[in-house]
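Summary of structural features
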Amino acid sequence: MNLGKIGRNTRCPCGSGKKYKHCCLGKRGFSLAEEYWQRYRIILKTAEQVAGIIESGKVLKEIMDGVEKIIAPGITTDDINDFVHEQTIKAGAIPAPLNYHGFPKSVCTSVNDVICHGIPGNQVLQDGDIVNVDITPILKGYYADANKTFFVGTPTPAGEKIVSVAARCLQLGIEAVTPGATLGDIGFAIQNFAEAEGCSVVREFVGHGVGLDFHEAPQVSHTGRSGQGIVLVPGMVFTIEPMINLGKKEVKILDDGWTAVTKDGSLSAQFEQTLLVTENGSSSLTPFDLNRFIIS
Ligand code: MF3
Ligand code: CO
Ligand code: CO
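Residues numbered from 1 in each chain as written. Chains lettered and ligands numbered in written order. Predicted model: local features only at pLDDT ≥ 70, side-chain atom pairs only at ≥ 80, totals over all residues. Heavy atoms only, no water.

What follows deals with the pairing of strand 16 (residues 273-277). The side chains of a regular strand alternate between the sheet's two faces. Counted residue by residue, strand 16 has five buried out of five residues, so it is predominantly covered. Side chains of strand 16 alternate between two faces, with Gln-273, Leu-275 and Val-277 and Thr-274 and Leu-276 buried alike. Alignment of strand 11 (residues 237-240) against strand 16, held across four bridges, turns out to be antiparallel. Looking across to strand 16, one finds that Thr-239 is bridged to Thr-274. In this structure, strand 16 lies alongside strand 17 (residues 282-284), joined through three bridges in antiparallel fashion. In the sheet register, Leu-275 faces strand 17, and the bridge partner there is Ser-284. (Buried < 20%, exposed > 50% of the residue type's maximum accessible area, 1.4 Å probe, protein only. Helix = DSSP H or I, 4+ residues; strand = E, 2+ residues; numbered from the N terminus. Pairing = 2+ DSSP bridges.)

Structure (structure tokens):
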């Protein structure tokens, strides 16, 4: 991957609004990685770093596939935590959530009206519930971050609807990722679809740069305007993780200081992947099939 390369006719990454060829292309000593660090504190990843994140993503996928197999009415969210913790250690990795700013468990489990950051405990999963499982291993120092929302037993129509919309939102967000596009293009694609479906987009939590740390620059909003915000360039690695509510967008944080729920009690669903901006589009470093969650 050549990190110094961006299309001559795309907007200059320095933010001038001019075409790259009429702006920074000719500057002496200009390096895109240097520019992105200085301007935004964004770390453009080297090929070696990308390879490390991919390996972490493979660990994540194995654990996520195992979680899917144990999800059933009657298990507790602590059962999911124990499974994720043990499998992460077994793979030679560390669960990033554990003790992260005081988070007490190794995975986030968010049931029904819980938007995100649900703390595993003695809650028993019931037939018809939806549960989001958000997994972040650290393997050899490299972070990969992804989540899925699963059905427990037989899905309800409302559960199917919100899970489908959230999955399609991530898919549309991913499709907006290409060099020369902007962060605003991602937010716009997601917000436009979610609201057309009569759902709402949570504002308080956003995607983020990831790879060498859990949460790096930039913030990746799931709402926005086309063409606004930071220009995407090859080597950027960030998550897209839209949280979509069946009702209103407002959030409430429970007394545990972590659990974010919908204020109106409506269902909320989320999907997350870690994306790399490539020379000609994007590549997921935590790939999984979104179509199986989408009702067409
Ligand atoms: N995995 C979440 C994310 O996608 C962050 C969880 S922070 C924790 O960004 F402390 F709750 F684990
Ligand atoms: Co994330
Ligand atoms: Co996550």
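And the narrative resumes.
Another point: the site of ligand 1. Around ligand 1 there are 14 residues in total, and Asp-134, His-208, His-215, Glu-241 and Glu-272 lie nearest to it. Residue Glu-272 places a side-chain N or O atom 3.0 Å away from an oxygen atom belonging to ligand 1. Look at ligand 1: alone it shows 350 Å² of surface, and the protein chains cover 97% of it. (Near = heavy atom within 4 Å. Polar contact = N/O pair within 3.5 Å; in protein donor to acceptor, adjacent residues only side chain to side chain. Areas by Shrake-Rupley, 256 points an atom, 1.4 Å probe, with all protein chains shown as cover.)

As a further point, take the packing of helix 2 (residues 47-70) against helix 3 (residues 77-90). Interhelical geometry of helix 2 versus helix 3 gives an angle of 150 degrees and a closest axis separation of 10 Å. Taken together, the axes of helix 2 and helix 3 lie roughly antiparallel to each other. Relative to helix 3, helix 2 is oriented so that their crossing is right-handed. Here helix 2 contributes Ile-63, Gly-66, Val-67 and Ile-70 to the contact with helix 3, which in turn contributes Asp-79, Ile-80, Phe-83, Val-84, Gln-87 and Thr-88. Partitioned by chemical class, the residues of the contact of helix 2 with helix 3 number six nonpolar, three polar and one charged. (Axes fitted to C-alpha atoms, helices over the stretch in contact; angles between N-to-C directions. Parallel < 35°, antiparallel > 145°, perpendicular 65-115°, else oblique. Left-handed = near helix turned anticlockwise from the far one by under 90°. Contact = heavy atoms within 4.5 Å. Nonpolar A, V, L, I, M, F, W, Y, C, P; charged D, E, K, R; others polar.)

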